[in-house]
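Understanding the architecture of this molecule
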Amino acid sequence: MKNLFVSLHVVFLLCGISLSHCASINETSNEEDIFEEVLWAKIVSMPADKRLSVGIVLSGGGARGFAHTGVLDILEKNHFPIDMISGTSMGAVIGGLYASGMGVERIWKFASEADTKNVSKDFKGFSFLELLIKNKLISPKYITAFVNDNLGGKKFSELKIPFACVSMDFCTGEKIIFTRGALSLAVRASVNLPGMFEPIKYRHRYLVDGGVVDFLPVDAARHLGAKWILSSWVESDNNVLPRNVFSSLLQVIDIRGKILAQKSAARSDFIIKPDVKDIKVADFNKCYEAGNKGLIEAKKNIKKAKRKYIADSLPFVWRFF
Amino acid sequence: MKKRHGIFLAFLLLPSFSAAFPLFYSSRKQALYKSKIAEIEKNFASSECEKVKSNVNNYFNLKPPSEFRKKAYLYLGRCYEKMGYSDKALSVYKIAAALYPHEKEFHKKLADMYFDAGFFKKSSEIYLRLIQEYTCGWEITMKLALCYLNLGFYKKAEKRLSQAAELNGYKDRDLLKNYVQCLINLGKYGKALNMANRIPPPDKYVSLARVYIHKGDFRSALEEVEKGEKQFPHKKDLLLYEMLLNFFNEKYYKAYAKAGNFLEKYPFSEAAMTIKIWSGYKIGRKREAQQTFLLLQKKGKGWLKRLSERLNLQER
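Residues numbered from 1 in each chain as written. Chains lettered and ligands numbered in written order. Predicted model: local features only at pLDDT ≥ 70, side-chain atom pairs only at ≥ 80, totals over all residues. Heavy atoms only, no water.

1. Topic: the overall build of chain B
Looking only at helices and strands, chain B features 17 helices and 0 strands. Expected size for 316 residues packed as a compact globule is a radius of gyration near 20 Å; at 31 Å, chain B overshoots this value by more than 25%. Taken over the C-alpha atoms alone, chain B extends approximately 120 × 45 × 35 Å along its principal axes. Taking all 316 residues of chain B together, 47% fall into the buried category. For chain B, long-range pairs separated by at least 24 residues make up 47% of all intrachain contacts whose partners lie at least 6 apart in sequence. A total accessible area of about 17000 Å² is found for chain B, and carbon and sulfur atoms account for 53% of it. When the 59 positive and 32 negative side-chain charges of chain B are each reduced to one mean point, those points stand 5 Å apart. (Helix = DSSP H or I, 4+ residues; strand = E, 2+ residues; numbered from the N terminus. Rg over C-alpha atoms; globule rule 2.2 N^0.38 Å. Buried < 20%, exposed > 50% of the residue type's maximum accessible area, 1.4 Å probe, protein only. Contact = heavy atoms within 4.5 Å. Areas by Shrake-Rupley, 256 points an atom, 1.4 Å probe, with all protein chains shown as cover. Lys, Arg positive; Asp, Glu negative; His and termini not counted. Charge placed at Lys NZ, Arg CZ, Asp CG, Glu CD.)

2. Thoughts on the nonpolar core
A:Leu39, A:Phe80, A:Phe163, A:Phe321, B:Trp278 and B:Leu307 are the most contacted members of the largest nonpolar core, which totals 190 residues. In terms of residues, this core owes the most to one element, helix α10 (residues 287-317) of chain A, which gives 12 residues. By size, the runner-up hydrophobic cluster in this structure holds 12 residues, among which are A:Val57, A:Val218, A:Ala221 and A:Ala226. (Core = buried A, V, L, I, M, F, W, Y, C linked by side-chain atoms within 4.5 Å.)

3. With respect to the interface of chain A and chain B
Residue-level contacts link 32 residues of chain A with 44 residues of chain B. Surface buried jointly by chain A and chain B totals about 3600 Å² across both partners, of which 68% is contributed by carbon and sulfur atoms. If you sort the residues of chain A by the area they bury against chain B, A:Glu31, A:Phe35 and A:Trp318 come out on top, with a joint share of 22%. Summed over the shared surface of chain A and chain B, the result is 3 salt bridges. Between B:Arg210 and A:Glu37 there is a salt bridge, with its nearest N and O atoms 2.6 Å apart. Elements supplying a minimum of two residues to the side of chain A that touches chain B: α1 (2-44), α2 (67-77) and α10 of chain A. Broken down by element, the residue count for the side of chain A that touches chain B peaks at 14 residues, all from α1(A). A class-by-class count of the residues in the side of chain A that touches chain B yields 14 nonpolar, 7 polar and 11 charged. (Buried area = accessible area lost by both parts, 1.4 Å probe. Salt bridge = Lys/Arg side-chain N within 4 Å of Asp/Glu carboxyl O. Nonpolar A, V, L, I, M, F, W, Y, C, P; charged D, E, K, R; others polar.)

4. Focus on helix α7 (residues 138-151) of chain B
The end-to-end C-alpha distance of α7(B), which contains 14 residues, comes to 20 Å, matching closely the 20 Å that a straight helix rising 1.5 Å per residue would cover. The element α7(B) is largely enclosed, with a buried count of 11 among its 14 residues. Residues of α7(B) that are buried include every one of B:Trp138, B:Ile140, B:Thr141, B:Met142, B:Leu144, B:Ala145, B:Leu146, B:Cys147, B:Tyr148, B:Leu149 and B:Leu151, and no others. At its buried positions, α7(B) is contacted by α10 of chain A together with α5 (104-116), α6 (120-133), α8 (154-168) and α9 (173-185) of chain B. (Expected span 1.5 Å × (residues − 1).)

5. Concerning the side chain of A:Ser268
All names here are of chain A. Tracing the sequence through the fold places Ser268 in the loop between α9 (245-265) and β8 (270-272). Engagement of the side chain of Ser268 in a polar contact is seen with the side chain of Ser231, the distance being 2.7 Å. The residues touching Ser268, leaving out its near neighbours within four places in the chain, are Leu216, Val218, Ile229 and Ser231. (Polar contact = N/O pair within 3.5 Å; in protein donor to acceptor, adjacent residues only side chain to side chain.)

6. Brief notes about the packing of helix α15 (residues 270-282) of chain B against helix α17 (residues 303-311) of chain B
All names here are of chain B. Relative orientation of the contacting elements α15 and α17 amounts to 15 degrees, with a least axis distance of 9 Å. Comparing the axis directions of α15 and α17 gives the class roughly parallel. Classified by chirality, the crossing of α17 by α15 is left-handed. Here Glu270, Ala271, Thr274, Ile277 and Trp278 of α15 lie close against α17, whose contacting residues are Leu304, Lys305, Leu307, Ser308 and Leu311. When the residues that make up the contact of α15 with α17 are grouped by side-chain class, the tally is 6 nonpolar, 2 polar and 2 charged. (Axes fitted to C-alpha atoms, helices over the stretch in contact; angles between N-to-C directions. Parallel < 35°, antiparallel > 145°, perpendicular 65-115°, else oblique. Left-handed = near helix turned anticlockwise from the far one by under 90°.)

7. Observations regarding helix α7 (residues 183-190) of chain A
In terms of residue burial, α7(A) counts as a mostly covered element, since 7 of its 8 residues are buried. Burial in α7(A) covers these residues: A:Leu183, A:Ser184, A:Ala186, A:Val187, A:Arg188, A:Ala189 and A:Ser190.

8. Examining the pattern of salt bridges
Oppositely charged side chains are able to pair whenever their charged atoms sit close together. Tallied over the entire structure, the rule returns 40 salt bridges over all chains. A salt bridge links A:Glu105 to A:Lys77, with the nearest nitrogen and oxygen atoms 3.8 Å apart. Residue A:Glu105 is located in helix α4 (residues 104-113), and its partner A:Lys77 is located in helix α2; the two are separated by 28 residues in the primary sequence. Here A:Glu105 falls in the partly exposed class, since its relative accessible area comes to 41%. Residue A:Lys77 is classed as buried on the basis of its relative accessible area of 9%. Taking the shortest distance from any N to any O, the salt bridge between B:Glu158 and B:Lys191 comes out at 3.4 Å. Placement of the pair is B:Glu158 in helix α8 and B:Lys191 in helix α10 (residues 189-197), with a sequence separation of 33 residues. Classification of B:Glu158 as buried rests on a relative accessible area of 10%. According to the relative accessible area criterion, B:Lys191 is partly exposed, its value standing at 36%. In the salt-bridge network here, residues are joined through shared partners; they are A:Glu32, A:Asp33, A:Glu36, A:Lys303 and A:Arg307.

9. Describing the side chain of A:Glu37
With respect to the element layout, A:Glu37 can be found in helix α1. Classification of A:Glu37 by relative accessible area gives buried; the value is 10%. A polar contact is formed between the side chain of A:Glu37 and the side chain of B:Tyr241, at a distance of 2.6 Å. Apart from the residues lying within four places of it in its own chain, the contact partners of A:Glu37 are B:Arg210, B:Ile213, B:His214 and B:Tyr241.

10. Concerning the confidence of the model for chain A
Mean pLDDT for chain A: 86, with 84% of residues reaching 70 or above. Here residues 12-25 of chain A is modelled with pLDDT under 50, and outside its nearest four sequence neighbours on either side it reaches 1 contact, counting other chains as well. (pLDDT = per-residue confidence, 0-100.)

11. Description of the environment of B:His107
Residues and elements named next belong to chain B. Residue placement: His107 occurs in helix α5. Taking the C-alpha atoms as reference, His107 lies 21 Å from Phe60; in sequence the two are 47 residues apart. Excluding residues that lie within four positions of it along the chain, His107 makes contacts with Ala97, Tyr100, Pro101, Ile126, Arg129 and Leu130.

12. Overview of the state of the cysteines
Formally, a disulfide is one covalent bond, and it connects the sulfur atom of one cysteine to the sulfur atom of another. Evaluation of the coordinates by the stated rule reveals 0 disulfides over all chains. With no disulfide partner, A:Cys171 has as its closest neighbouring cysteine sulfur the one in A:Cys165, 19 Å distant. Under the relative-accessibility criterion, A:Cys171 is labelled exposed at 62%. The structure places no disulfide on B:Cys147, whose sulfur is separated from the nearest cysteine sulfur, that of B:Cys136, by 13 Å. (Disulfide = S-S within 2.5 Å.)

Right, dumping it as structure tokens:
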């Protein structure tokens, strides 16, 4: 009888401890959320020189790259500081538009208009036929018009946010990081597919897509002075065997990009990888879908990103509290 | 003669019996189905979910017509929910929603299950369809808004929250709090303050403070929580915000004292331990701060413990 009494007592005690443990876990997470909220607001309200400056890095990826629009949307809505931006290829287009002061809402419109604006025509039909028949690299008129219409006449020095984009010297293989001069030329050079589009002549160099040397330009963001890097990396799916010359060329560029990005990603402080593997480089009719996928993935990760930034910033900002 | 009359009468009445028999038989079957359902309902009301499960299986073995299966699916699904078998409940509602595409209840249950499991895209599609096809109350509109909020579609969320708030007459506390959150995300601070003012106290003061915090106006945020704390001195959220806002308004002595008071009520509070450590270092109470740091290292489990480790204040 005594043993039964003791056993029951122990059972009740253990139940009580486990219940209070469950209650305390819930209370802890609510406390953490409140603490995070206030501390976050305090840190991001500080000027960039009093906290870790944040560089947003946008990878290449063609139509997949429109996922960066969704990522930027979530960062903005969660008041994530964006102190500088770097981009390659489509990342340079989206990054350049955002850095010029264009609102995310306007960039979303491009995502839904990309197909009607015929951007994909540079990758298809008569353009491609010209490439095969004349054995001559083509000048992509639709992409050029798109970039010039929206970024033409602007200079890097006029941008609202410091920006860098990357291209490659086709003759020497050097990585060229643009941080000054004419914006549209720099962005156009960054989104200039080798093997299809004519290299762009700039001074003594012939420039092609930066994705061949730096798919995820973390170095470019550091070059601008970023102390903390958030990368948006749109990876491809290379499990499908290409069926033609054009697809083979794009696949090679994608594979090369993936290898380069893996090295850059290791130097990022936080990575967001939108799930856009099923969208191909030239699938410009799926830009809006890519944007939505970027938004959803960024939303899933925003809390982790904030906490990582807070934790990394704290030793730095402590003296200003 | 009488015998012949009887046989003749029986032959005359036979067709009527034949016609009446199916009606008699089907009304007996209906009565049987109804009694089985009543038994299932009774089991469900007494939370005898295992009995509900077995009775539903037996009931289905009777092969009742479609019309009589609906309630059985509902009770089975609800039982699985009660027992914590979300995946089984989801399967039941999926089957039921497919079998009864015009039954709003199954689609709503399915959407709710997807929502609770975090499948906001799937649940948003169903809620949207429900709103488009039926007259729905503010709760479903709010659920749709929450899906959008969780997915990051803030503008869509704002539209639905606005609709839900109007339908609800701006009464539901949680609805208004979510609306304030959405407006904060969109940077619409003026509107957020207006909406926060509609929330009944004490949550009103917390919401107002949150808007000011996100605006970067920590002083006004502190004023709001202090107003709230005077009226509701035991509201935990208010006390937490007050402690934090005193620290970030550089009122370190007050923050230290508030943290101490909080720990008396909630001795395992990692937030209070953290503020006591940080404010202790700021006001020169290093020894007490270090003691609290060691306590946090020993008792803490979460992010705040790791945050304090990152600061490494012991070496500062």
